[in-house]
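Residue-level structure breakdown
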Amino acid sequence: MYKKSIDDPAGFWSEIASEFYWKEKWDPEVYTGNLDVTTGPIKIEWFKGGSTNICYNALDRNIETGNGDKIALYWEGNEPGSDVKLTYNELLEKVCQLANYLKHVGVKKGDAVVIYLPMLMELPIAMLACARIGAVHSVVFAGFSAESLAQRIIDCKPKVVITANAVRRGAKAIHLKDIVDNALTESEKSGVPVGLCLTYENHLAMERGATKWQDGRDIWWQDVVPEFPTKCEVEWVDSEDPLFLLYTSGSTGKPKGVLHTTGGYMVYTATTFKYAFDYKSSDIYCADCGWITGHSYVTYGPLLNGATVVIFEGAPNYPDAGRSWDIVDKYKVTIFYTAPTLIRSLMREGNEYVTRYSRKSLRVLGSVGEPINPSAWRWFYNVVGNSRCPISDTWWQTETGGFMITPLPGAWPQKPGSATFPFFGVQPVIVDEKGNEIEGECSGYLCIKRSWPGAFRTLYGDHERYETTYFKPFSGYYFSGDGCSRDKDGYHWLTGRVDDVINVSGHRIGTAEVESALVSHPQCAEAAVVGVEHEVKGQGIYAFVTLVDGVPYSEELRKDLISTVRKQIGAFAAPEKIHWAPGLPKTRSGKIMRRILRKIASRQLDELGDISTLADPSVVEQLIALGDS
Ligand code: 6R9
């Protein structure tokens, strides 16, 4: 199949795409459009001219083939014992009600809708409702601060923001609606007023009476949505019409609005889900729902296959570190997809939390978000999977839409820590600094030759940045931003980001975003942020901070700086360490040498390398001396 996918991409993908419902077939003459990424302007198109609807394919199509009474979603609440389930029929009804409501308030094809919801059923419901009417959803992770949410609202100008009043995670309740209120005030000040904030009352976390309210703008979901009809006509959209935007971090301060379109994304997420997890119709699938994963492998990929999905609202260590395996036994989960950071944190708690549960339903395990270190891989394999479940270590990105390098369970021998081989249609290459492809055993920069159906099509409102960031660094290829090595057997080993992006517990954070949050503090003159190895989170944020002249260092100021970052970006981006820096190592042209800062942060002081090109080499000594303060 791999060979066919490379030799004849049009034939390979059109055969698969034909299994879906198309209102209008694509034009076979042009359907692969432009797979070519060797010459600009980059314009990737798949199944051009075809019209379809991803919500129809995920729900109606499965119902028509007799799966209406099958469970589509199980929801497990934060508190053990709180749960809800929805069949495909019920899910479709809920999606249609919301879709009808959105139409009623004037949302049309192509309009943006921002969704700021925690892991409730309403999150996939809201995405599918938008897709049904051709609206473009933009989900903002509910760990983002008001300022980050505002920035995203200002960029995509939604007609509606959908949120919940609060969420419980572990023992804490987080008042989401307050965050949205602040974001909406902010966006209005910047000339982007949002007229409607549809708020789901999550009464297990907070009663409606306690929620701050702005009459005229805020509407309770439960008061309006259930009044609408449970059937809603589908809006047929072109294959290349936008499906969603998802903002991700790059190496500058401004987040990038990654835009995915409909047809190719649909075919690709469904196919990757099916093969990389060896999906069978009897499977029960459970996933951790970070960011893009919540789109491709909680909502679209699984539902397009007619799968049963378990989503979990809470924290994996609540009430204790056995919660994940409790869920596995409760729902007889067969495929469990999670992140290395979670595996490492549970590993530290000891095996008893795992072995207390049977886990005998498990069949396939999956990992995503960052490189999985071999010791965590072995623990996941031996302890969680009882040495009998293959691990799909799936390498992919928000930009790629779906899995790019991944094992196919059972198809070839695994190596702990390697994502193994490319998925169908994907041609990874490793290039050196000059952009030359390197063959055989090697390491370098990971690029992809030619396009694949799930690829993103642009950065919203900034096609030039799309080309410069991804297609200019190594001419003729898509550049992933990751380092990679290939061993003598051809296996791929991802080595982490090579750009200014830090991966904290699988969350992508740009160093520039954290730096600009720090320097917004009136007493901070300059900041330089690097990633350091972290036992549980994979990487932690380490910030070098220069204060305004005359301001003394203090513990209070350190705390204040950290809380500035929490407030501006979100708690997940809080620096692990603030390192006072009277000066930063700069070249004569004023460029901060992060290479040196990385070495100081990780205490690899004998590997500082050449520091003679610095404008003032003595700052290095100073920084080392202050390192333990
Ligand atoms: C899906 C997702 C993308 C970055 C990517 C890489 C890292 C993701 C990985 C992995 C090694 C894996 N990454 N999966 N590294 N092995 N299996 O995480 O998307 O949030 O856009 O992050 O995550 O560094 O470039 P996104």
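Just so it is clear, the model here is predicted, and its values are computed rather than measured. (Residues numbered from 1 in each chain as written. Predicted model: local features only at pLDDT ≥ 70, side-chain atom pairs only at ≥ 80, totals over all residues. Heavy atoms only, no water.)

Here the focus is the pattern of salt bridges. Side chains that carry opposite charge are capable of pairing whenever their charged atoms lie near each other. If you walk through the whole model with that rule in mind, you get 38 salt bridges. Of the charged contacts in the structure, one is a salt bridge between D178 and K212, with a shortest N-O distance of 3.6 Å. Within this pair, whereas D178 is found in helix α7 (residues 176-189), its partner K212 is found in the loop between β9 (196-200) and β10 (218-220), the two being separated by 34 residues in sequence. Under the relative-accessibility criterion, D178 is labelled partly exposed at 23%. The shortest N-O distance in the salt bridge between K586 and E526 comes to 2.9 Å. With K586 in the loop between β28 (577-580) and α18 (594-601) and E526 in strand β26 (residues 524-534), this pair connects stretches of sequence that are 60 residues apart. K586 gets classed as partly exposed once you look at its relative accessible area, which sits at 24%. (Salt bridge = Lys/Arg side-chain N within 4 Å of Asp/Glu carboxyl O. Helix = DSSP H or I, 4+ residues; strand = E, 2+ residues; numbered from the N terminus. Buried < 20%, exposed > 50% of the residue type's maximum accessible area, 1.4 Å probe, protein only.)

Taken together, 16 residues sit near the ligand, with D393, T394, T398, R497 and R508 positioned nearest. Within the contact set of the ligand, an oxygen atom lies 2.8 Å away from a side-chain nitrogen or oxygen of D482. R508 is positioned such that a nitrogen or oxygen atom in its side chain is 2.7 Å from an oxygen atom of the ligand. Tallied by class, residues from the shell around the ligand come to 6 nonpolar, 5 polar and 5 charged. (Near = heavy atom within 4 Å. Polar contact = N/O pair within 3.5 Å; in protein donor to acceptor, adjacent residues only side chain to side chain. Nonpolar A, V, L, I, M, F, W, Y, C, P; charged D, E, K, R; others polar.)

Inspection of the entire model under this criterion finds 0 disulfides. Summary of cysteine pairing: C442 is not part of a disulfide, and the nearest cysteine sulfur, belonging to C484, is at 7.8 Å. (Disulfide = S-S within 2.5 Å.)

This part takes up the packing of aromatic side chains. In this structure the tally under the stated criterion is 53 aromatic pairs. Plain terms: the ring middles of F12 and W13 are 5.0 Å apart, the flat faces sit at 85° to each other, and that makes the pair edge-to-face. The buried category is assigned to W13, whose relative accessible area is 1%. Considering the side-chain rings of F144 and F572, the 5.1 Å spacing of their centres and the 80° angle between planes classify their relative orientation as edge-to-face. Of this pair, F144 sits in the loop between β5 (136-139) and α6 (146-156) while F572 sits in the loop between α17 (555-568) and β28; the two residues are 428 residues apart in sequence, bridging distant segments of the chain. F572 carries the same exposure label as F144, and that label is buried. (Phe/Tyr/Trp six-rings, centres within 6.5 Å; stacked < 30°, edge-to-face > 60°.)

Let us now look at helix α5 (residues 122-132). Burial analysis of α5 places 11 of its 11 residues in the buried class, which makes it a mostly covered element. Taken together, the buried positions of α5 are E122, L123, P124, I125, A126, M127, L128, A129, C130, A131 and R132.

Working definition: the strands of a sheet are paired by backbone hydrogen bonds and lie parallel or antiparallel to each other. Within the open sheet, the 7 strands sit side by side as β3-β2-β15-β14-β16-β17-β18. Their pairing is mixed. Looking along the sheet, the strands with just one partner apiece sit at the ends: β3 (83-87) and β18 (391-393). Averaged over all adjacent pairs, the angle separating strand axes in this sheet is 15°, with direction ignored. Relative to strand β15 (residues 308-312), strand β2 (residues 71-76) runs parallel, the two sharing 4 bridges. Across the sheet, residue W75 finds its bridge partner in β15, namely I311. (Pairing = 2+ DSSP bridges. Axes fitted to C-alpha atoms, helices over the stretch in contact; angles between N-to-C directions.)

Let us now look at the nonpolar core. Looking at soluble globular proteins, one finds that nonpolar side chains tend to be buried together. One finds L91, L98, L102, L518 and V545 to be the most contacted residues of the largest nonpolar core, which totals 156 residues. By residue number, the principal contributor to this core is helix α4 (residues 88-104), which donates 9 residues. The residues contacting L102, other than those within four sequence positions of it, are V107, A129, C130, I133, V160 and I162. Counting residues in hydrophobic clusters, the runner-up holds 29 residues, among them Y74, C286, V333 and L365. (Core = buried A, V, L, I, M, F, W, Y, C linked by side-chain atoms within 4.5 Å. Contact = heavy atoms within 4.5 Å.)

With that settled, consider the confidence of the model for the protein chain. Looking at the protein chain as a whole, the pLDDT averages 94, with 98% of positions reaching at least 70. The ipTM for the predicted assembly is 1.00, set against a pTM of 0.92. (pLDDT = per-residue confidence, 0-100.)

What follows deals with unusual backbone geometry. Cis peptide bonds are those with omega within 30 degrees of zero, and the linkage from Y318 to P319 qualifies with -5°. Within the fold, P319 resides in the loop between β15 and α11 (323-331). The backbone phi angle of T420 is positive, close to 65°, even though this residue is not glycine. T420 sits in the buried class, given a relative accessible area of 1%. Not every positive phi belongs to a glycine, and R603 is a case in point at roughly 60°. Within the element layout of this structure, R603 appears in the loop between α18 and α19 (618-626).

Glancing now at the sheet that holds strand β20 (residues 442-449). One open sheet accounts for 4 strands, arranged β19-β20-β22-β23; its pairing is antiparallel. Only two strands of the sheet have a single partner each, and these edge strands are β19 (427-431) and β23 (492-497). Across the sheet, the axes of successive neighbouring strands diverge by a mean angle of 45°, strand direction being ignored. Bridge analysis of β20 against strand β22 (residues 478-486) gives 6 bridges, and the strand direction is antiparallel. By the bridge assignment for β22, C442 is matched with R486.

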